[in-house]
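What follows is the residue order along each chain.
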Amino acid sequence: SICGGPPPPAGPPRPPPAGPVPPLVFLPAHRRGGAAAGRDETIPMLCKMRIGVDLDEVTMACTDRYRLTYRRVDWVPADGDVSYDLCILPRPLEAVCDAVKGGDVSVRMATNRTETGEVTLVGFRVGDRVVTSRVGDTEFINAAGHLKGVNDKGYRTTLLVPTEPFLAAIKRADLVRESREAVVRITVDREEIRIGAGAGSQAMAEPIAATVHGEIGGTIAFNPQFLREGITAVGGDRIRMEIDTPVRPIMCTPDLDDTPSLDSPYRYLIMPIRIAS
């Protein structure tokens, strides 16, 4: 040591490898799974990502109370019979993503577990670089169960909207909002939706062609930032939005042919904002 003191204590032992995740799977999974991570550090649980491992499946979930993301990916575990959950802050995962960028090296996840199966340490190896992190309290909502409960209540309307025009219209509507607290409104018509914002001389309502199944009519309001981030995270050429009432959560998923939203590998649940009728 520079100051002549005793050497620093050794770090925790590296956990044994649990299985690889291809970089082209890990990067988008982290980006999409973390789209709803909270930013209020006074509530640490909402700032974490919950990673669940169940046999040959890994799930990533985040929530900030107003939206919830759920991403499911396949992987090949080193031990075929493995199942555990852990919560981790975003910074170690961001370091892993920085190490992955520009390379084709798989991300190898590893964990240290107690005799009861509780995870105490998680590690990610990318080439010669190793990122380790202690895991937090695994208290987290049952994301899969919550999404199933929302889905079981059913939806009155399903929208299929082209992603790029939808995202561009929301950005334009955002420019004419009266204040940062103002909302962006979506009105459902027979063969289109109208994106509206502003009031008086600044009001606008831009039509976007859409495929509408179910009931038409009604207006739903959103936080434009949450809506933009959700559409960006869902990606693809077309987004599917399943709507019930202006006060119930909206399910957003990629438009995959003949794939029910509950079976979609990515789901973005967002709460609308109540407005005066």
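Remember, predicted model here, so these are calculated numbers, not experimental data. (Residues numbered from 1 in each chain as written. Predicted model: local features only at pLDDT ≥ 70, side-chain atom pairs only at ≥ 80, totals over all residues. Heavy atoms only, no water.)

Caption draft 1: Fine view of the overall build of the protein. Assigned secondary structure in the protein consists of 5 helices and 17 strands. A burial count over the protein gives 47% of its 277 residues as buried. Sequence separation of 24 or more characterises 64% of the internal contacts of the protein that already satisfy a separation of 6 or more. Split by element, the accessible area of the protein, about 14700 Å² in all, is 51% carbon and sulfur. (Helix = DSSP H or I, 4+ residues; strand = E, 2+ residues; numbered from the N terminus. Buried < 20%, exposed > 50% of the residue type's maximum accessible area, 1.4 Å probe, protein only. Contact = heavy atoms within 4.5 Å. Areas by Shrake-Rupley, 256 points an atom, 1.4 Å probe, with all protein chains shown as cover.)

Caption draft 2: Region of interest: the packing of aromatic side chains. Tallying each qualifying case throughout the model produces 2 aromatic pairs. Aromatic pair Tyr 66 and Phe 226: ring centres 6.5 Å apart, planes at 25 degrees, arrangement stacked. Taken together, the residues span a long stretch of sequence, with Tyr 66 in the loop between strand E3 (57-63) and strand E4 (67-74) and Phe 226 in helix H5 (residues 224-234) at a distance of 160 residues. Sitting over the face of the ring of Phe 226, Arg 67 holds its NZ or CZ atom 4.0 Å from the ring centroid. Between Arg 248 and the ring centre of Tyr 155, over which it is positioned, the NZ or CZ distance is 5.7 Å. (Phe/Tyr/Trp six-rings, centres within 6.5 Å; stacked < 30°, edge-to-face > 60°. Lys NZ or Arg CZ within 6 Å of the ring centre and 35° of its normal.)

Caption draft 3: Focus on H5. Inspection of H5 places Pro 224, Phe 226, Leu 227, Gly 230, Ile 231, Ala 233 and Val 234 among the buried residues, and these make up the whole buried set. Of the residues flanking the start of H5, the one acting as N-cap is Asn 223, its side-chain oxygen 2.9 Å from the backbone nitrogen of Gln 225. Phi turns positive, to about 65 degrees, at Gly 235, one or two residues after H5. (Polar contact = N/O pair within 3.5 Å; in protein donor to acceptor, adjacent residues only side chain to side chain.)

Caption draft 4: Region of the structure containing the sheet that holds strand E12 (residues 204-209). What the 4 strands build is an open sheet, ordered E12-E11-E10-E14; its pairing is antiparallel. A single partner strand is all that each edge strand has here, and the edge strands are E12 and strand E14 (219-222). Put simply, the sheet's adjacent strands are angled 25 degrees from each other on average, direction ignored. With 4 bridges joining them, strand E10 (residues 184-188) and E14 adopt antiparallel strand pairing. Bridging from a neighbouring strand, Arg 185 pairs with Ala 221 of E14. (Pairing = 2+ DSSP bridges. Axes fitted to C-alpha atoms, helices over the stretch in contact; angles between N-to-C directions.)

Purely geometric stuff here, so don't read any function into it on its own.
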